[in-house]
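Take a look at the letters that make up each chain.
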Amino acid sequence: MSEPIMSHSESIEIAALPETVWALVTDMERYGEWSSENTGGYWRKNEDGVPGTGKVGDEFVGINRRGDDEWKALVEITEREENRSFAFVTGGTAMNFVHWRYDLDANNDGTTLTESWALMNLSPIMVENGESEVEMRSANARESITATLLGMKAAAEG
């Protein structure tokens, strides 16, 4: 695996068991409740016509919005270790644009949840619009990570 072009991660302490936090991290249809960019989405059907559930290889279509701009982003689940780690890649493994990862660590007071973002390859719009687009996407990711972690904390502790 190549090194990321840029990356960012943040952690938050959540006063809830890892199992409780895990249920939120893997419920991608609810991300719109927490993210500053994602508004929800849906699982794609596999070759048997069955919607994904979050297993490695399953695909999810995230619906995102910033201001008046709305777009869909395909992600593919790349890692799933129950109550420990969950990861997916924007553009699927074929395009390998951005890696998103959640790590859960039990502690005395509940769970430390870490969300990570790593830009692996520039998307066509980043190539077309240059450094300003890359910086804007990076800032959006940082803002979204903070919002998502705070939202998941509130949901888990609520």
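The text that follows walks through the structure, step by step, so that each part is easy to find. (Residues numbered from 1 in each chain as written. Predicted model: local features only at pLDDT ≥ 70, side-chain atom pairs only at ≥ 80, totals over all residues. Heavy atoms only, no water.)

**With respect to the pattern of salt bridges**
Applying the stated criterion across every chain yields a total of 12 salt bridges. Here Glu33 makes a salt bridge to Arg30, at a shortest N to O gap of 2.9 Å. The salt bridge partner of Glu133 is Arg137, with a shortest N-O separation of 2.8 Å. Of the two residues, Glu133 and Arg137 are both situated in helix 4 (residues 131-157); the distance of four residues between them amounts to about one turn of the helix. Salt bridges sharing partners connect three or more residues here, namely Glu37, Arg66 and Glu143. (Salt bridge = Lys/Arg side-chain N within 4 Å of Asp/Glu carboxyl O. Helix = DSSP H or I, 4+ residues; strand = E, 2+ residues; numbered from the N terminus.)

**As for the environment of Asn140**
By secondary structure assignment, the location of Asn140 is in helix 4. As a C-alpha pair, Asn140 and Glu37 span 103 residues in sequence and 7.6 Å in three-dimensional space. Once residues lying within four places of it in the same chain are set aside, the contact partners of Asn140 are Glu37 and Arg66. (Contact = heavy atoms within 4.5 Å.)

**Looking at helix 4**
Across its 27 residues, helix 4 extends 39 Å between first and last C-alpha, which sits within 8% of the 39 Å expected from 1.5 Å per residue. Taken together, the buried positions of helix 4 are occupied by Glu133, Val134, Ser138, Asn140, Ala141, Ser144, Ile145, Thr148, Leu149, Gly151, Met152 and Ala156. Structurally, helix 4 contributes buried residues whose contacts are with strand 1 (6-14), helix 1 (18-25), strand 3 (59-66), strand 6 (98-107), strand 7 (110-119) and helix 3 (124-129). (Expected span 1.5 Å × (residues − 1). Buried < 20%, exposed > 50% of the residue type's maximum accessible area, 1.4 Å probe, protein only.)

**What to know about the sheet that holds strand 2 (residues 38-43)**
In space, the seven strands of this open sheet follow the order 1-7-6-5-4-3-2, with antiparallel pairing throughout. Two strands close off the open sheet at either side, each with one partner strand: strand 1 and strand 2. Averaged over all pairs of adjacent strands, the angle between their axes in this sheet comes to 25°, without regard to strand direction. Direction of pairing for strand 1 relative to strand 7: antiparallel, over a ladder of nine bridges. Bridging across to strand 7, Ser11 finds its partner in Thr114. (Pairing = 2+ DSSP bridges. Axes fitted to C-alpha atoms, helices over the stretch in contact; angles between N-to-C directions.)

**Describing the layout of surface pockets**
Considering only enclosed or pocket space, the largest pocket measures out at about 610 Å³ in volume. Those elements that place two or more of their residues in the lining of the largest pocket are strand 3, strand 4 (69-81), strand 5 (85-90), strand 6, strand 7, helix 3 and helix 4. Broken down by element, the residue count for the lining of the largest pocket peaks at five residues, all from helix 4. When its residues are assigned to classes, the lining of the largest pocket shows 17 nonpolar, 10 polar and four charged. (1 Å grid on protein atoms, 1.4 Å probe; cavity = no way out; pocket = protein on both sides within 12 Å on 5 of 7 lines; lining within 4 Å. Points joined across faces, edges and corners; volume = space filled by probe spheres on them. Nonpolar A, V, L, I, M, F, W, Y, C, P; charged D, E, K, R; others polar.)

**What to know about the packing of helix 1 against helix 4**
Axes are the key here: two packed helices are described by the angle between their axes and the distance separating the axes. Taken N-terminus to C-terminus, the directions of helix 1 and helix 4 make an angle of 130°; their axes are 10 Å apart at the nearest point. By the angle class used here, helix 1 and helix 4 are oblique. Here helix 1 runs over helix 4; the crossing is right-handed. Residues Thr20, Val21, Leu24 and Val25 of helix 1 form the contact with helix 4, whose own contacting residues are Met152, Ala155 and Ala156. (Parallel < 35°, antiparallel > 145°, perpendicular 65-115°, else oblique. Left-handed = near helix turned anticlockwise from the far one by under 90°.)

**Considering the pairing of strand 5**
The buried fraction of strand 5 amounts to six of the six residues, a majority that puts the element mostly inside the structure. Every second residue of strand 5 is oriented toward a common face, with Ser85, Ala87 and Val89 on one face and Phe86, Phe88 and Thr90 on the other, all of them buried. Sheet topology note: the strand 4/strand 5 ladder contains six bridges and is antiparallel. Bridge assignment links Arg80 to a residue of strand 5, and that residue is Phe86. Connecting strand 4 to the antiparallel partner strand 5 that follows it, the hairpin turn spans three residues, and Asn83 within it adopts a positive phi of roughly 60°. Sheet analysis places strand 5 next to strand 6, joined by six bridges and oriented antiparallel. Bridge assignment links Thr90 to a residue of strand 6, and that residue is Val98.

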